[in-house]
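Single-letter residue listing:
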Amino acid sequence: MRYIISKIKLTKPLVLLLGWMCLFGSPISFSQTRQSPTQEKPRVDLLYRSLQPGEALLVVLRGLSSIRQAEMKFQNQKYHLLPRSEGSDEWFGWLGLDFQMKPGDYPLRVTVIDSLGNKHQLQVTLTVKPKTFPVKKLWVAPRYVTPPPEVTERIRRESTLLRTIFSLESTQWRGEGKFILPCQGKIFFNFGEKRIYNNQPRSSHSGIDIAAVTGTPVVASNAGQVVLATELYFAGNTVIIDHGLGLFTFYGHLSAIKVKRGDFVHRGQLIGLVGATGRVTGPHLHWSVRLKGSRVDPLSLLEISLDKDSGSS
Ligand SMILES: [Zn+2]
């Protein structure tokens, strides 16, 4: 540049043009050559227990110091990513592999806009391995297997309500560190179990059960906002917490509810007591997780560290 300048007669308009270029860049657009000043390369790290149906995944974006916006696309759904903390150059988002998803290769596309407006696109292939879920026979009151006609409308209304809640995505993260077990008791590793009630096949079990005596405290697995605190036909007294980014935890069959809809709860805060309300065989907590509508094993969440110093998988 110095060589060129020395050969050019520095007329007043040229000096003004060079001054403009120093201050604001070239007046001519070179959009194809615009790059981050440090030539940074973003990368995607995945944290998970296993790459199988019914698992939660934490997607961490690293390697770019100035992210303005980031989102990912998986199976035709868009997911938001957020900075781990204010001003952090590590961004994260949640992904759920529904328990009925078929094994195979699935692309995960991440789009990042840096502070200069440059678009970075990354693609990771998730190889989802097969998983078989057990079959279980259970015996419950007949009205929970073939509900009487007078409750048909109620069941339909409640299933619409749940679908609506799980379709919402708050674009902020309310969680405080790792998820915790919400109740002390005997854990049944029965996520995804195909259920046969009174010899009739019914939907699969989309959560886990923790057996405990009636009245055992149930706490919030992580911080969030209570979006449902009411009695449902199948799940009995139920609390649902919205943790943000499309992640919800569900607590069913409670004997008592200790929070109201709209409340903000901390991780570990009392939200209810173990009970036997709804379709049950005895007192227990039914605990489940929805991640952008995908049904994932809550125990897969407990294994993912959200701490700042967590490494990549
Ligand atoms: Zn259950």
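Draft legend 1. Spotlight on the overall build of the chain. When its secondary structure is counted, the chain shows four helices and 22 strands. Considering the chain as a whole, with its 313 residues, one finds that 31% of them fall into the buried category. Contacts spanning at least 24 positions in sequence make up 67% of the contacts within the chain whose residues lie at least 6 apart.

Draft legend 2. Region of the structure containing helix α3 (residues 152–167). With 16 residues, α3 ought to run about 22 Å at 1.5 Å a step, and its terminal C-alpha atoms sit 23 Å apart, in line with that. In terms of burial, α3 is a largely surface element, one of the 16 residues being buried.

Draft legend 3. Main features of the nonpolar core. With 54 residues, the main nonpolar core has V59, L61, V218, V239, Y251 and L285 as its most contacted residues. Sequence-distant contacts of L285, defined by excluding residues within four places in its chain, comprise P182, C183, D209, I210, A212, V218, Y251, H253 and V274.

Draft legend 4. Broad picture of the confidence of the model for the chain. The pLDDT averaged across the chain works out to 85; a share of 86% of its residues lies at or above 70. Across residues 1–37, confidence stays below pLDDT 50; counting only partners more than four residues off in sequence or on other chains, it has 10 contacts. Low pLDDT, under 50, characterises residues 309–313; the stretch is placed with eight contacts to residues that sit more than four places away or in other chains.

Draft legend 5. Summary view of the sheet that holds strand β7 (residues 104–114). One open sheet holds the four strands; their spatial order is β4-β3-β7-β8, and the pairing between them is antiparallel. Bordering the open sheet on either side are β4 (77–80) and β8 (119–128), each of which pairs with just one other strand. Averaged over all pairs of adjacent strands, the angle between strand axes in this sheet comes to 25 degrees, irrespective of strand direction. In this sheet, β8 lies alongside β7 in antiparallel orientation, the contact comprising 10 bridges. Pairing of I113 across the sheet is with K119, part of β8.

Draft legend 6. Region of the structure containing the sheet that holds strand β14 (residues 217–219). Spatially, three strands are ordered β14-β20-β18 in an open sheet, and the strand pairing comes out antiparallel. Only two strands of the sheet have a single partner each, and these edge strands are β14 and β18 (256–257). Here three bridges tie β14 to strand β20 (residues 270–273), and the two strands are oriented antiparallel to one another. The residue of β20 that forms the bridge with V218 is G272.

Draft legend 7. View of the pairing of strand β13 (residues 207–211). Across the five residues that make up β13, a large majority, four, are buried. Direction of pairing for strand β10 (residues 186–188) relative to β13: antiparallel, over a ladder of three bridges. Bridging from a neighbouring strand, F188 pairs with D209 of β13. Here β13 pairs with strand β21 (residues 284–291) via five bridges, running antiparallel. From the neighbouring strand, G207 faces β21, where its bridge partner is S288.

Draft legend 8. Main features of the pairing of strand β1 (residues 43–48). With six bridges joining them, β1 and strand β2 (residues 55–62) adopt antiparallel strand pairing. Paired with V44 across the two strands is L61, which belongs to β2. Between the end of β1 and the start of β2, which pair antiparallel, lie six residues, with G54 showing a positive phi angle near 85 degrees.

Draft legend 9. Seen up close, unusual backbone geometry. Positioned with a positive phi, Q75 is a non-glycine residue whose angle comes to about 50 degrees. In this structure, Q75 sits in the loop between β3 (67–74) and β4. A tally of 14 C-beta atoms within 10 Å means that Q75 is categorised as partly exposed. At K292, a position not held by glycine, the phi torsion is positive, near 50 degrees. Take K292: it is sitting in the loop between β21 and β22 (294–296).

How each quantity is defined
Residues numbered from 1 in each chain as written. Predicted model: local features only at pLDDT ≥ 70, side-chain atom pairs only at ≥ 80, totals over all residues. Helix = DSSP H or I, 4+ residues; strand = E, 2+ residues; numbered from the N terminus. Buried ≥ 20, exposed ≤ 12 C-beta atoms within 10 Å, placed from the backbone. Contact = placed C-beta atoms within 7 Å. Expected span 1.5 Å × (residues − 1). Core = buried A, V, L, I, M, F, W, Y, C linked by C-beta atoms within 7 Å. pLDDT = per-residue confidence, 0-100. Pairing = 2+ DSSP bridges. Axes fitted to C-alpha atoms, helices over the stretch in contact; angles between N-to-C directions.

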